[in-house]
Amino acid sequence: WNYNVGGVFKPVPFGSLYAAYATSTNPVGAELDASGTAYGGLVVNNTTFQALSPEMNKASEVGTKWELFDRHLLLTAALFETEKSNARETVGSNILATGVYRVRGVDLEVAGKITDRWSVFGGLVLMESRVLQSVDATQVGAQLANIAHQSFNLLTKYQLTDQWEVGGQAVYASKIYGGTFGAINGNVLPEHWRFDSFVEFKVDKHLTAKLSVNNI
């Protein structure tokens, strides 16, 4: 059984506060990496692995949303935490459902129009991950692999005339360590920025032309 519950309070018409809690489960083989046992993939010839209990997830979140500039711009902020138990661990050639880990963080977002001609869409996510329980005591307290713990994106565009519009985008991700569970290896995807730009021309109400330059 899984369930979720939430509530919203609006102190003013253009602002709200909310809280939510939910549970979920991941059965064996639910992951996209269907051949990787270390990531919970399904191994059809391993009956021991198939018999593992589902991974159990608990997620909680509190946040606020505000509609500014005559409700043309939405600002949101949230604190969140997810804890997973029965997480898959690889010990030698064995797959065990013995891990527990937690991811918590803050999410800030903006979307809408600052003026009639200037719009923005973006977000910042800062996360912390930690292994809380492991069959390998040396992994307790370690951070998770394969996660960018800081990420940022911002897209903005400006309407020069009724026909011309220009814009740009910035995307950032912090370094990502390779490995499985809390066992980080020497493979690292370094932190990186990417910048894009574009221009649009509205030919008529049925047709718009767009030219983009990605990864400037």
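Scroll up to find the structure.
Residues numbered from 1 in each chain as written. Predicted model: local features only at pLDDT ≥ 70, side-chain atom pairs only at ≥ 80, totals over all residues. Heavy atoms only, no water.

### Section: the overall build of the protein chain
Looking only at helices and strands, the protein chain has 1 helix and 12 strands in total. Helices and strands appear in the protein chain in the N-to-C order β-β-α-β-β-β-β-β-β-β-β-β-β. A buried classification covers 27% of the 216 residues belonging to the protein chain. A separation of at least 24 residues holds for 51% of the contacts in the protein chain among residues at least 6 apart in sequence. Here the protein chain displays about 13,300 Å² of accessible surface, and carbon together with sulfur accounts for 59% of that area. (Helix = DSSP H or I, 4+ residues; strand = E, 2+ residues; numbered from the N terminus. Buried < 20%, exposed > 50% of the residue type's maximum accessible area, 1.4 Å probe, protein only. Contact = heavy atoms within 4.5 Å. Areas by Shrake-Rupley, 256 points an atom, 1.4 Å probe, with all protein chains shown as cover.)

### Re the environment of L68
Within the fold, L68 resides in strand β3 (residues 55–68). Residues within four places of L68 in sequence aside, it is in contact with L73 and L75.

### Considerations on the sheet that holds strand β12 (residues 207–213)
What the 10 strands build is an open sheet, ordered β1-β2-β3-β4-β5-β6-β7-β8-β11-β12; its pairing is antiparallel. Whereas interior strands pair on both sides, the edge strands pair on one side only; in this sheet they are β1 (4–12) and β12. In this sheet, neighbouring strand axes are inclined to one another by 15 degrees on average, regardless of whether the strands run parallel or antiparallel. Of the strand pairs in this sheet, β3 and strand β4 (residues 73–91) are connected by 13 bridges, and their pairing is antiparallel. Among the inter-strand pairings, M56 is bridged to a residue of β4, identified as S85. (Pairing = 2+ DSSP bridges. Axes fitted to C-alpha atoms, helices over the stretch in contact; angles between N-to-C directions.)

### What to know about the environment of A97
Its place among the elements puts A97 in strand β5 (residues 94–113). Taking the C-alpha atoms as reference points, A97 and A87, separated by 10 residues in sequence, lie 5.2 Å from one another. When residues no more than four places from it in sequence are discounted, the contact partners of A97 are L52, N86, A87 and R88.

### Topic: the pairing of strand β11 (residues 192–204)
Sheet topology note: the strand β8 (residues 164–173)/β11 ladder contains 10 bridges and is antiparallel. The partner of G167 across the bridge, within β11, is F198. Bridge analysis of β11 against β12 gives 7 bridges, and the strand direction is antiparallel. What sits directly across from D204, in β12, is L207.

### Details of the side chain of D107
Here D107 is to be found in strand β5. Within the buried core, D107 has no salt-bridge partner, and the shortest N-O distance to an opposite charge, that of K65, equals 8.1 Å. If near-sequence neighbours (up to four positions away) are discounted, D107 is found in contact with T76, A77, A78, F80, L124 and V125. (Lys, Arg positive; Asp, Glu negative; His and termini not counted. Salt bridge = Lys/Arg side-chain N within 4 Å of Asp/Glu carboxyl O.)

### What about the nonpolar core?
Core analysis: the largest hydrophobic core is formed by 7 residues, namely A87, Y101, V103, V131, L144, I147 and F181. Aside from chain neighbours lying at most four places away, what touches I147 is M127, K175 and I176. (Core = buried A, V, L, I, M, F, W, Y, C linked by side-chain atoms within 4.5 Å.)

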